Amino acid sequence: MPAPQDGPLLDDAAGRLIRPYTVSNGRTRPTAVLDLLSLVMATGSEPQVHLGPEHTVALELCGGPTSVAEVAAHLRLPAVVTKVLLSDLVDCGAVTAHAPAFHDMPTDRSLLEAVLDGLRRQL
């Protein structure tokens, strides 16, 4: 799978050649409910509509369960643009999305205090 930075939309010296919101046709609201921890996965179904190159790369990244944040990082796009791209893929049936599963785990106060102490020592 080619790395997204190897595509025609990025240049090593110039950076991104197309503004991020051009990728989503100026849309800033996804049609599917996604957050950064939502897991997306390809269904194996080919999209029946024409999608852009970023859609294709995003779909390739969804071979296994992948978070929206991971896809955004690999695409080097803002999260909101990535959510629009992924919601397009959900709408055409190429990707499924699942909300993250949160388990009610009690917070260990002593662990949190140790982390806080470590951070304070670093500052």
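Residues numbered from 1 in each chain as written. Predicted model: local features only at pLDDT ≥ 70, side-chain atom pairs only at ≥ 80, totals over all residues. Heavy atoms only, no water.

Trainee: Tell me about the environment of His98, and name the residues and values.
Mentor: Along the chain, His98 turns up in strand β5 (residues 95-98). Considering only alpha carbons, one finds His98 and Val40, 58 residues apart in sequence, at a separation of 6.5 Å. The contact partners of His98, leaving out residues within four places of it in the chain, are Ser38 and Leu39. (Helix = DSSP H or I, 4+ residues; strand = E, 2+ residues; numbered from the N terminus. Contact = heavy atoms within 4.5 Å.)

Trainee: Mind laying out the packing of helix α2 (residues 53-61) against helix α3 (residues 68-75), listing which residues take part and the relevant values?
Mentor: Angle between the axes and distance between the axes: these two values describe a pair of packed helices. One way to put it is that α2 packs onto α3 with a least axis distance of 10 Å and a crossing angle of 130°. With respect to each other, α2 and α3 are oriented oblique. Here α2 and α3 pass one another in a crossing that is right-handed. Across from Glu54, Val57, Ala58 and Leu61 in α2, the residues of α3 making contact are Val71, His74 and Leu75. A class-by-class count of the residues in the contact of α2 with α3 yields five nonpolar, one polar and one charged. (Axes fitted to C-alpha atoms, helices over the stretch in contact; angles between N-to-C directions. Parallel < 35°, antiparallel > 145°, perpendicular 65-115°, else oblique. Left-handed = near helix turned anticlockwise from the far one by under 90°. Nonpolar A, V, L, I, M, F, W, Y, C, P; charged D, E, K, R; others polar.)

Trainee: Which residues make up the packing of α3 against helix α4 (residues 79-91), and what values go with them?
Mentor: At a minimum axis separation of 9 Å, α3 and α4 run at an interaxial angle of 110°. Considering their axes alone, α3 and α4 lie roughly perpendicular with respect to each other. Of the residues in α4, those touching α3 at Val68, Val71, Ala72 and Leu75 are Ala79, Thr82, Lys83, Leu85 and Leu86. Here the residues of the contact of α3 with α4 are counted per class, giving seven nonpolar, one polar and one charged.

Trainee: Describe the side chain of His55, with residues and values.
Mentor: Its location among the elements puts His55 in helix α2. Beyond its immediate stretch of four places on either side in the chain, His55 contacts Leu85, Asp88 and Leu89.

Trainee: Go over the nonpolar core, please, and point to the residues and values.
Mentor: Val40, Val71, Leu75, Leu86 and Leu89 are the most contacted members of the largest nonpolar core, which has 19 residues in total. Broken down by secondary-structure element, the contributors of at least two residues to this core are α2, α3 and α4. Among residues more than four places away in sequence, those in contact with Leu89 are Leu51, His55, Ala58, Leu59, Ala94 and Val95. (Core = buried A, V, L, I, M, F, W, Y, C linked by side-chain atoms within 4.5 Å. Buried < 20%, exposed > 50% of the residue type's maximum accessible area, 1.4 Å probe, protein only.)

Trainee: So what's going on with the pattern of salt bridges? Which residues, and what values?
Mentor: What the rule picks out here adds up to one salt bridge. When the shortest N-O distance is used, the salt bridge between Glu113 and Arg109 registers 2.9 Å. You can see Glu113 and its partner Arg109 sitting in helix α5 (residues 109-122), four residues apart, about one turn around the helix. Owing to a relative accessible area of 38%, Glu113 belongs among the partly exposed residues under this scheme. Accessibility expressed as a relative area gives 62% for Arg109, which makes it exposed. (Salt bridge = Lys/Arg side-chain N within 4 Å of Asp/Glu carboxyl O.)

Trainee: Let's hear about the confidence of the model for the protein chain: which residues, and what values?
Mentor: Here the protein chain averages 80 in pLDDT, and 73% of its residues register 70 or above. Confidence over residues 1-8 falls short of pLDDT 50; this stretch has 10 contacts with residues more than four positions distant or in other chains. (pLDDT = per-residue confidence, 0-100.)

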